[in-house]
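One-letter residues, chain by chain:
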Amino acid sequence: VQLQASGGGLVQTGGSLKLSCAASGSIFSINVMGWYRQAPGKQRELVAAITNGGNTNYANSVKGRFTISRDNAKNTVYLEMNGLKPEDTAVYYCNFPLDSNYDLAWGSWGQGTQVTVSS
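Residues numbered from 1 in each chain as written. Predicted model: local features only at pLDDT ≥ 70, side-chain atom pairs only at ≥ 80, totals over all residues. Heavy atoms only, no water.

**Looking at empty space enclosed by the protein**
With the rule as written, the count across this model stands at 1 cavity of 30 Å³ or more. Roughly 40 Å³ of volume is contained in the largest cavity. In this structure, the largest cavity is lined by Leu3, Gln4, Ala5, Tyr93, Cys94, Trp109, Gly110, Gln111 and Gly112. Residue assignment for the lining of the largest cavity shows that the elements contributing at least two residues are strand S1 (3–6) and strand S9 (90–95). The leading source of residues in the lining of the largest cavity is S1, at 3 residues. (1 Å grid on protein atoms, 1.4 Å probe; cavity = no way out; pocket = protein on both sides within 12 Å on 5 of 7 lines; lining within 4 Å. Points joined across faces, edges and corners; volume = space filled by probe spheres on them. Helix = DSSP H or I, 4+ residues; strand = E, 2+ residues; numbered from the N terminus.)

Shown next, in the form of structure tokens:
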């Protein structure tokens with residue numbers, strides 16, 4: 001299953017964006033879906049993850065501002081981002097987190113989508 005992230009852009013501090021991750025095949029049987037990001041000069045990090053049962057996990061830095069959701073019927077995962085800050089600037093990727101360690105993912109990374117937050 002290939003993943004394509006989209007929806008990034010340039011926004012001002014405090015603004016909002018909604019990212020989409022479209023899968024080329026069914027995600028119904030995939031337990032965990034996740035969003036990651038990589039800022040310039042930094043390691044890629046997990047932003048949010050969601051299980052098929054709807055359990056969510058967020059990085060401390062985005063709790064209360066970002067919301068992850070999934071629509072298995074549309075084979076799509078979303079990341080709604082509110083209250084954006086300049087430190088949220090990064091390339092955002094979707095992938096399949098390992099059940100044992102969400103910081104690691106087993107799918108291909110793809111190109112991601114650029115989010116830039118201006119101050």
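From this point on, the discussion continues.
**Remarks on the sheet that holds strand S4 (residues 32–38)**
Within a sheet, each strand pairs with its neighbour through backbone hydrogen bonds, oriented either parallel or antiparallel. Reading across the sheet, the 6 strands line up as S2-S12-S9-S4-S5-S6 and stay open at both edges, with mixed pairing between neighbours. Two strands lie at the open edges of the sheet, namely strand S2 (9–12) and strand S6 (56–58), each paired on one side alone. The sheet shows a mean angle of 20 degrees between the axes of neighbouring strands, direction not considered. Relative to strand S5 (residues 45–51), S4 runs antiparallel, the two being bridged by 6 bridges. Following the sheet pairing, arginine 37 is matched in S5 by glutamate 45. (Pairing = 2+ DSSP bridges. Axes fitted to C-alpha atoms, helices over the stretch in contact; angles between N-to-C directions.)

**Topic: the pattern of salt bridges**
This model, assessed by the stated rule, comprises 3 salt bridges. For the salt bridge of glutamate 45 with arginine 37, the shortest nitrogen-to-oxygen distance reads 2.7 Å. A residue is classified by how much of its surface remains accessible, and arginine 37, at 5% relative accessible area, is buried. One salt bridge connects aspartate 88 with arginine 65, and the closest N-O pair in it is separated by 2.7 Å. Here aspartate 88, found in the loop between strand S8 (76–81) and S9, pairs with arginine 65, found in the loop between S6 and strand S7 (66–71); they are 23 residues apart in sequence, far enough to count as distant. Of the two residues examined, aspartate 88 and arginine 65, each falls in the buried class. (Salt bridge = Lys/Arg side-chain N within 4 Å of Asp/Glu carboxyl O. Buried < 20%, exposed > 50% of the residue type's maximum accessible area, 1.4 Å probe, protein only.)

**Observations regarding the environment of glycine 14**
Relative to the helices and strands, glycine 14 is located in the loop between S2 and strand S3 (17–23). Glycine 14 sits in the partly exposed class, given a relative accessible area of 47%. C-alpha of glycine 14 to C-alpha of asparagine 82: the two residues are 68 residues apart in sequence and 6.9 Å apart in space. Setting aside chain neighbours within four positions, we find glycine 14 in contact with Gly83 and Leu84. (Contact = heavy atoms within 4.5 Å.)

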